[in-house]
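One-letter residues, chain by chain:
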Amino acid sequence: MTVATCTPERPVRKPAASVTTADLLDTPLPQLLADLDVDLVESSITARGFTGYAHQEAGRLLLAMRPGQPALERDCVARALLGNALGVPMPPLPAPYRVSDLAVL
């Protein structure tokens, strides 16, 4: 007997704790974001020198990136921010980029 249900299947997501440096560097960014259940949104910050930030919100990781950012910059910075947020060792970004941790009071 075959039974059909209307329950949507949830995609299998990789637990953030099992993410490796190789995963962050080699997985296509759209797949990586989907696997980790990360939202990437446009930031309202357009200041010169700002590239993006990672923020934990309601138990979910959010990446906010500068609007109009070149694709290569967005890809590299997003991966670096993910590595920092998840505690995964990553190679340093080239100058003048850097990842900084800011305490929110």
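Preceding this section is the structure that the text describes.
1. A few points about helix α2 (residues 29–36)
Leu29, Leu32, Leu33 and Leu36 are the residues of α2 that are buried. Buried residues along α2 cover an arc of 95° about the axis, so they all sit on one side. Where α2 is buried, its residues meet α1 (21–26), β1 (39–42), β3 (60–65) and α3 (71–86). Within two residues after α2, Asp37 carries a phi angle of roughly 55°, on the positive side.

2. A closer look at the pattern of salt bridges
The final tally for this structure, using the stated rule, is five salt bridges. For the salt bridge of Arg66 with Glu73, the shortest nitrogen-to-oxygen distance reads 2.8 Å. An identical accessibility class is assigned to Arg66 and Glu73; each is buried. One network of salt bridges, with partners in common, ties together Asp37, Asp39 and Arg60.

3. Focus: the sheet that holds β3
Read from one edge of the open sheet, three strands run β1-β3-β2, paired in mixed fashion. The outermost strands of the open sheet, each flanked by one partner alone, are β1 and β2 (52–57). Averaged over all adjacent pairs, the angle separating strand axes in this sheet is 25°, with direction ignored. Pairing of β1 with β3, which is carried by four bridges, proceeds in the parallel orientation. Its bridge partner lying in β3, Glu42 is registered against Met65. Docked against the sheet, α3 engages β1, β2 and β3, running at close to 150° with respect to β3.

4. As for α3
Taking 1.5 Å per residue, 16 residues should reach 22 Å; α3 reaches 22 Å between its end C-alpha atoms and fits that length. Residues of α3 that are buried in the fold lie against α1, α2, β1, β2 and β3. At the exit of α3 stands Gly87, carrying a positive phi of roughly 70°.

5. Here's the deal with unusual backbone geometry
In this chain, Ala95 is followed by Pro96 through a cis amide linkage whose omega measures 10°. Take Pro96: it is sitting in the segment after α3. Unlike most non-glycine residues, Ala58 shows phi in positive territory, near 55°. Note that Ala58 resides in the loop between β2 and β3.

Reading guide: rules and limits
- Residues numbered from 1 in each chain as written.
- Predicted model: local features only at pLDDT ≥ 70, side-chain atom pairs only at ≥ 80, totals over all residues.
- Heavy atoms only, no water.
- Buried < 20%, exposed > 50% of the residue type's maximum accessible area, 1.4 Å probe, protein only.
- Helix = DSSP H or I, 4+ residues; strand = E, 2+ residues; numbered from the N terminus.
- Arc of directions from axis to C-beta.
- Contact = heavy atoms within 4.5 Å.
- Salt bridge = Lys/Arg side-chain N within 4 Å of Asp/Glu carboxyl O.
- Pairing = 2+ DSSP bridges.
- Axes fitted to C-alpha atoms, helices over the stretch in contact; angles between N-to-C directions.
- Expected span 1.5 Å × (residues − 1).

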